[in-house]
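Summary of the model geometry
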Amino acid sequence: DQQVKQNSPSLSVQEGRISILNCDYTNSMFDYFLWYKKYPAEGPTFLISISSIKDKNEDGRFTVFLNKSAKHLSLHIVPSQPGDSAVYFCAASDRDSNYQLIWGAGTKLIIKP
Amino acid sequence: NAGVTQTPKFRILKIGQSMTLQCTQDMNHNYMYWYRQDPGMGLKLIYYSVGAGITDKGEVPNGYNVSRSTTEDFPLRLELAAPSQTSVYFCASRKGARDNSPLHFGNGTRLTVT
């Protein structure tokens, strides 16, 4: 059973527009959520995170929104740039599992010029 | 700082062969992890370590072994390679777990078993 789901394998967005990547989870014990970005032939790199006590966290062009009642989080990128083309992974952790991260399958974001 | 370094980048193994994937980090992180990523899937945790001399199984440990004799190094051993172990392997480290500090990843080892 997938505890963290990214239902869109890919997303194509025009440069300058908003990119919205979605992530759903099933475990209500998750208390911390992270987004990582991955370029081909490289390891994932940390992008932004959010604690379950918040519903929004912003860092420059990147904003993560958390809706606990819906068990849903989203990553907004505004404005989208060509360098944002990558695979984005959502991950979640909880103290009961020793803070191990559970990962979604990733969404490939393509920014069109 | 080099961060997390993995070697080799690519490897092709025959069924039944063995090999060690190397991972070293220069950030003095206590926590280290080995993940595998299969096509269209998220990262799956193989083994992890919370410090030198301490290792524990993750979600998919069968067919693998690890050791952690120093803070810097966390090698992953495949004893009898099987086609099901064809995957991309990532090593990662982080400062702590309770503080939810982010993971730092190496660039991966692409392994093919034929």
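Note that the coordinates shown come from a computational prediction; the quantities given were computed from them, not determined experimentally.

Let us look at the overall build of chain B. Counting its secondary structure elements, chain B contains zero helices and eleven strands. Along its sequence from the N terminus, chain B presents helices and strands in the succession β-β-β-β-β-β-β-β-β-β-β. Taking 13 Å as the expected radius of gyration for a compact globule of 114 residues, we find that chain B reaches 13 Å, a close match to that expectation. Principal-axis analysis of the C-alpha atoms places the extent of chain B at approximately 40 × 30 × 25 Å.

Let's shift gears to the interface of chain A and chain B. With 17 residues of chain A at the interface, the matching set in chain B holds 19 residues. Here chain A meets chain B over a buried area of about 1,600 Å², counting both sides, of which 58% is carbon and sulfur. Sorting the residues of chain A by area buried against chain B places Y99, Q100 and W103 of chain A first, and these three jointly supply 36% of that buried surface. Remark: the boundary between chain A and chain B carries zero salt bridges. Remark: the boundary between chain A and chain B carries five residue pairs in polar contact (both at pLDDT 80 or more). Per-class residue counts for the side of chain A that touches chain B are ten nonpolar, five polar and two charged.

What the rule picks out here adds up to two disulfides over all chains. In this model C23 of chain A forms its disulfide with C90 of chain A; the gap between the sulfur atoms is 2.1 Å. Taking the sign of the torsion about the S-S bond as the criterion, the disulfide between C23 of chain A and C90 of chain A, at about -75°, is left-handed. Within this pair, whereas C23 of chain A is found in strand β3 (residues 19-25), its partner C90 of chain A is found in strand β9 (residues 86-93), the two being separated by 67 residues in sequence. Across the pair, C90 of chain A and C23 of chain A agree in class, each one buried. Between the sulfur of C23 of chain B and that of C91 of chain B lies a disulfide, 1.9 Å long from S to S. In this structure, the disulfide formed by C23 of chain B and C91 of chain B twists by about -70° around the S-S bond and is classed as left-handed. A residue pair is termed long-range when its members are at least 10 positions apart, and C23 of chain B in strand β3 (residues 19-25) and C91 of chain B in strand β9 (residues 87-94) qualify at 68 residues.

Counting residues in each nonpolar core, the largest one holds 23 residues, and the members touching the most others are F33, W35, L73, L75 and Y88 of chain A. Counting residues per element, the ones that place at least two in this core are β3, β4 (32-38), β5 (45-51), β7 (62-67), β8 (72-77), β9 and β11 (107-112) of chain A. Here this core takes four residues from β9 of chain A, the largest share from any one element. One finds Y32 of chain A together with Y35, A92 and F105 of chain B within the second-largest nonpolar core, a separate group that totals 20 residues.

This paragraph deals with the sheet that holds strand β6 (residues 56-59) of chain A. Residue and element names in this part refer to chain A. Reading across the sheet, the five strands line up as β1-β3-β8-β7-β6 and stay open at both edges, with antiparallel pairing between neighbours. With one partner strand each, in any of the chains shown, β1 (4-5) and β6 form the two edges of the open sheet. Relative to β3, β1 runs antiparallel, the two being bridged by two bridges. Within the sheet, the bridge partner assigned to K5 lies in β3 and is D24.

This part takes up the sheet that holds β3 of chain B. Residues and elements named next belong to chain B. The four strands lie next to each other as β1-β3-β8-β7, forming an open sheet whose pairing is antiparallel. A single partner strand is all that each edge strand has here, and the edge strands are β1 (4-7) and β7 (64-66). Taking the axes of each pair of neighbouring strands and ignoring which way they run, one obtains an average angle of 20° across the sheet. Sheet topology note: the β7/strand β8 (residues 76-78) ladder contains three bridges and is antiparallel. Bridging across to β8, Y64 finds its partner in L78.

Cut-offs used in this document
- Residues numbered from 1 in each chain as written.
- Chains lettered and ligands numbered in written order.
- Predicted model: local features only at pLDDT ≥ 70, side-chain atom pairs only at ≥ 80, totals over all residues.
- Heavy atoms only, no water.
- Helix = DSSP H or I, 4+ residues; strand = E, 2+ residues; numbered from the N terminus.
- Rg over C-alpha atoms; globule rule 2.2 N^0.38 Å.
- Contact = heavy atoms within 4.5 Å.
- Buried area = accessible area lost by both parts, 1.4 Å probe.
- Salt bridge = Lys/Arg side-chain N within 4 Å of Asp/Glu carboxyl O.
- Polar contact = N/O pair within 3.5 Å; in protein donor to acceptor, adjacent residues only side chain to side chain.
- Nonpolar A, V, L, I, M, F, W, Y, C, P; charged D, E, K, R; others polar.
- Disulfide = S-S within 2.5 Å.
- Buried < 20%, exposed > 50% of the residue type's maximum accessible area, 1.4 Å probe, protein only.
- Core = buried A, V, L, I, M, F, W, Y, C linked by side-chain atoms within 4.5 Å.
- Pairing = 2+ DSSP bridges.
- Axes fitted to C-alpha atoms, helices over the stretch in contact; angles between N-to-C directions.

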